[in-house]
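Architecture and fold: a report
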Amino acid sequence: MTAPMALTPRARWLAFAALCSIQLMIVIDVSIVTVALRSMQEDLDIPQARVAWVTNAYTIGFGALLLLSGRLGDLIGRKRMFVAGVGVFTAASLLSALAQSKEWLIAARFVQGIGAAMAFAVVMGIIFTLFQDQRELGKAMGALGFAQAAGASVGILAGGFLTEGISWHWVFLINIPIGLVAAFLAQRLVPADQGLGLREGADVLGAVLVTGGLLIGVYTIATVPDYGWGSANTIGFGLTSVVLLAGFVVRQATAARPLMPLGIFRSRNLTGGNVIHLLMVSATISFNILIALYLQQVAGYSPATTSFAFLPLALASAVVSIGLSARLVMKFGPRITTIAGLTGILVGLLLALRAPEDPAYAVDILPIAVLLGAGVGLAMPAVMMLSMSVRSPSEAGLASGVAGTAGTIGDSVGLAALVAVAAAHTSTLLAEGESPIDALHSGFTLSFGIAAGIVALAVIVAVVVLRPQPPMSFGPPPGEQAAGQEEARAEGIVI
């Protein structure tokens, strides 16, 4: 791969701003639509049974293509993949805003998810080549961590204002100027890289297996609320996904030039970081959606008031991830920082268990928002660094794609599972004669408790699996790095 061209500090941070803005926009797009769904449903006459597909279509396209997009970025060049992805995402945003029917909107959202995957999968890989100074890299990862950590909250905040203040079309139109500016800056400022070449990983069968397996898998998870966990649809498609993904793993173990070299998972920090990422996202993103529903359906908040309620969460996440997380990682390393952040999230979720039906915001909601925002803002940048513990820069795009896939699976599985649990418990209580408000409150409280349990499991993984590494190092721990370099030399990879 070509060495990155020299950039002035101003140009480097402008390039980073373009990358970070797209990362934030992609994460926001998952949640911003949630607040606008009712308006879309009324305007386009979408049946209740189909309205979830406005979000599912995006999630399926995004989750299915992340891993493949990350690896293709390594092979054909990450800059090329990023700019193309931003172009697809921006064009699909315009098509979504102009939708005149439910079919049009759902199809545009699927294409939007594909573009999001193309851009999102290579962002961390590009950042690791932009910043050679470890302190600058730490600051950049802190800001990127904010984009991922607070994206869901910012999406709910923006969705409420745009939908009530203008119209639902603007939750998509707002992407267009951001996308155009980001693509222009990236084309001008991000260093060009030639990639390894398609011959180094042109495993067509592997690409078909992993894309098909993830596509069907994310579809299965997304439709659980419609069909149920024990339905023929869920079991049949779920087993098909498992078979395809198992075939992909076997193929990667035997292929001469695999799409995803399995040796990347020998790093305990990379593997542990991705498991923690999956668990943390499955709990926090789901909680953001569920607490928004709780505030509206139980506490009686309007969409705009709900948006204001999330403002402290976003602010706490911004302050900690941008201003504090990098310094703590530099001083104590990503392992300790991750454990501290997860502990803050866990305390916040445990406090949510005591939220009453008629909450006093300053006492019952604000502490949850601050603890959750600060905890995620602290943990997310550190987890992202752990997830990029690769043995060679040539694997950065693949590692970025794996991290994105872990987050998407965690988001999809967590939301489907917690919504299903809350709905089932609510239905049971209604059948037993509970009032609707009491039943809803109990269902949400149960889901909050499960989210807390998931984060507790993430803390255990962090303590048991992660290895300490020098605070200034963002690659594998020294022992793993030496072993990886020796293996890479044997495979002909230049480090």
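Residues numbered from 1 in each chain as written. Predicted model: local features only at pLDDT ≥ 70, side-chain atom pairs only at ≥ 80, totals over all residues. Heavy atoms only, no water.

Now for the overall build of the protein. Helix and strand content of the protein: 19 helices and 0 strands. Put simply, the protein has 495 residues, and 58% of those count as buried. The contacts of the protein with a sequence gap of at least 6 include a subset with a gap of at least 24, amounting to 84%. Carbon together with sulfur atoms contributes 69% to the accessible area of the protein, which is approximately 18,900 Å² in total. (Helix = DSSP H or I, 4+ residues; strand = E, 2+ residues; numbered from the N terminus. Buried < 20%, exposed > 50% of the residue type's maximum accessible area, 1.4 Å probe, protein only. Contact = heavy atoms within 4.5 Å. Areas by Shrake-Rupley, 256 points an atom, 1.4 Å probe, with all protein chains shown as cover.)

Glancing now at the nonpolar core. Of all hydrophobic cores here, the largest spans 111 residues; its most connected members are Ile26, Phe82, Ile127, Met141, Tyr294 and Leu342. Leave out the neighbours within four places in its chain, and Ile26 touches Tyr58, Phe62, Phe89, Ala116, Ala119 and Phe120. If you look at the next biggest cluster of nonpolar residues, it comprises 15 residues, including Val33, Leu37, Leu105 and Phe172. (Core = buried A, V, L, I, M, F, W, Y, C linked by side-chain atoms within 4.5 Å.)

The subject of this paragraph is the packing of helix H14 (residues 311-332) against helix H15 (residues 334-352). Working note: a packed helix pair is described by the angle between its axes plus the distance between those axes. Packing of H14 against H15 leaves a shortest axis separation of 7 Å and a crossing angle of 130°. Relative to H15, the element H14 lies oblique. Here H14 contributes Ser325, Leu328, Val329 and Phe332 to the contact with H15, which in turn contributes Pro334, Ile336 and Thr337. Looking at side-chain class alone, the contact of H14 with H15 contains 5 nonpolar, 2 polar and no charged residues. (Axes fitted to C-alpha atoms, helices over the stretch in contact; angles between N-to-C directions. Parallel < 35°, antiparallel > 145°, perpendicular 65-115°, else oblique. Nonpolar A, V, L, I, M, F, W, Y, C, P; charged D, E, K, R; others polar.)

A word on the confidence of the model for the protein. In the predicted model, the protein carries a mean pLDDT of 79, and 83% of its residues have values of at least 70. Of the regions scoring below 50 in pLDDT, residues 471-495 engages in 50 contacts with residues more than four places distant in sequence or in other chains. (pLDDT = per-residue confidence, 0-100.)

Now for the pattern of salt bridges. For the structure shown, the criterion picks out 2 salt bridges. A salt bridge links Lys102 to Glu103; its shortest N-O distance comes to 3.5 Å. Residue Glu103 is classed as partly exposed on the basis of its relative accessible area of 43%. For Asp364, the salt bridge goes to Arg354, with nearest N and O atoms at 3.6 Å. One end of the pair, Asp364, is in helix H16 (residues 361-387); the other, Arg354, is in the loop between H15 and H16, and 10 residues separate them in sequence. (Salt bridge = Lys/Arg side-chain N within 4 Å of Asp/Glu carboxyl O.)

What follows concerns the packing of aromatic side chains. The description of an aromatic ring pair uses the distance of the two centres, along with the angle that the planes make with each other. A full pass over the atoms with the stated rule returns 7 aromatic pairs. Ring centres of Trp13 and Phe16 lie 5.4 Å apart, and the angle between their planes is 85°; this geometry places the pair in the edge-to-face category. Taken together, the residues Trp13 and Phe16, both in helix H1 (residues 9-44) and 3 residues apart, mark about one turn of the helix. The buried category is assigned to Phe16, whose relative accessible area is 5%. Geometrically, the ring pair formed by Phe287 and Phe448 is edge-to-face, given 5.0 Å between the ring centres and 65° between the ring planes. Highlighted residues: Phe287 in helix H12 (residues 268-297) and Phe448 in helix H18 (residues 436-465), separated in sequence by 161 residues. Among the aromatic residues, those joined into a ring-pair cluster are Phe287, Tyr294, Phe444 and Phe448. (Phe/Tyr/Trp six-rings, centres within 6.5 Å; stacked < 30°, edge-to-face > 60°.)

Positionally, Leu66 belongs in helix H2 (residues 53-76). Residue classification places Leu66 among the buried positions, given a relative accessible area of 0%. Residues Leu66 and Thr211 lie 145 residues apart in sequence; the distance between their C-alpha atoms is 8.8 Å.

Turning our attention to helix H11 (residues 232-254). With 23 residues, H11 ought to run about 33 Å at 1.5 Å a step, and its terminal C-alpha atoms sit 33 Å apart, in line with that. Looking at H11, one finds that the buried residues are Asn233, Thr234, Ser241, Phe248 and Gln252. (Expected span 1.5 Å × (residues − 1).)

Turning to a nonpolar patch on the surface, a few remarks are in order. On the surface, Leu94, Leu95, Leu98 and Trp104 cluster together into a nonpolar patch covering about 350 Å² of accessible area. Position of Trp104 relative to the elements: it lies in helix H4 (residues 102-130). Note on Trp104: relative accessible area 35%, which makes it partly exposed. (Patch = residues over 30% accessible without salt bridge, like charges linked within 9 Å, V, L, I, M, F, W, Y side chains within 5 Å.)

Let's shift gears to the environment of Gly375. Tracing the backbone through its elements, the reader meets Gly375 in helix H16. When the C-alpha positions of Gly375 and Thr337 are compared, they lie 9.8 Å apart, and in sequence the two are 38 residues distant.

Our next topic: the environment of Ala462. Locating Ala462 in the fold gives a position in helix H18. As a C-alpha pair, Ala462 and Gly273 span 189 residues in sequence and 7.9 Å in three-dimensional space.

What follows concerns helix H8 (residues 175-189). Here H8 spans 21 Å end to end across 15 residues, near enough to the 21 Å set by a 1.5 Å rise per residue. Residues Asn175, Ile176, Gly179, Ala182, Ala183, Leu185, Ala186 and Leu189 constitute the buried set of H8.

All right, on to the side chain of Asn269 then. Its location among the elements puts Asn269 in helix H12. Assessed through its relative accessible area of 0%, Asn269 is described here as buried. Engagement of the side chain of Asn269 in a polar contact is seen with the backbone nitrogen of Arg467, the distance being 2.8 Å. (Polar contact = N/O pair within 3.5 Å; in protein donor to acceptor, adjacent residues only side chain to side chain.)

In this section: the packing of helix H3 (residues 78-97) against H4. Contact geometry of H3 with H4 gives a least axis separation of 7 Å together with a crossing angle of 155°. Between H3 and H4, the angle is such that the two are roughly antiparallel. Viewed along their axes, H3 and H4 form a crossing whose handedness is left-handed. Class assignment of the residues belonging to the contact of H3 with H4 gives a composition of 18 nonpolar, 7 polar and 3 charged. (Left-handed = near helix turned anticlockwise from the far one by under 90°.)

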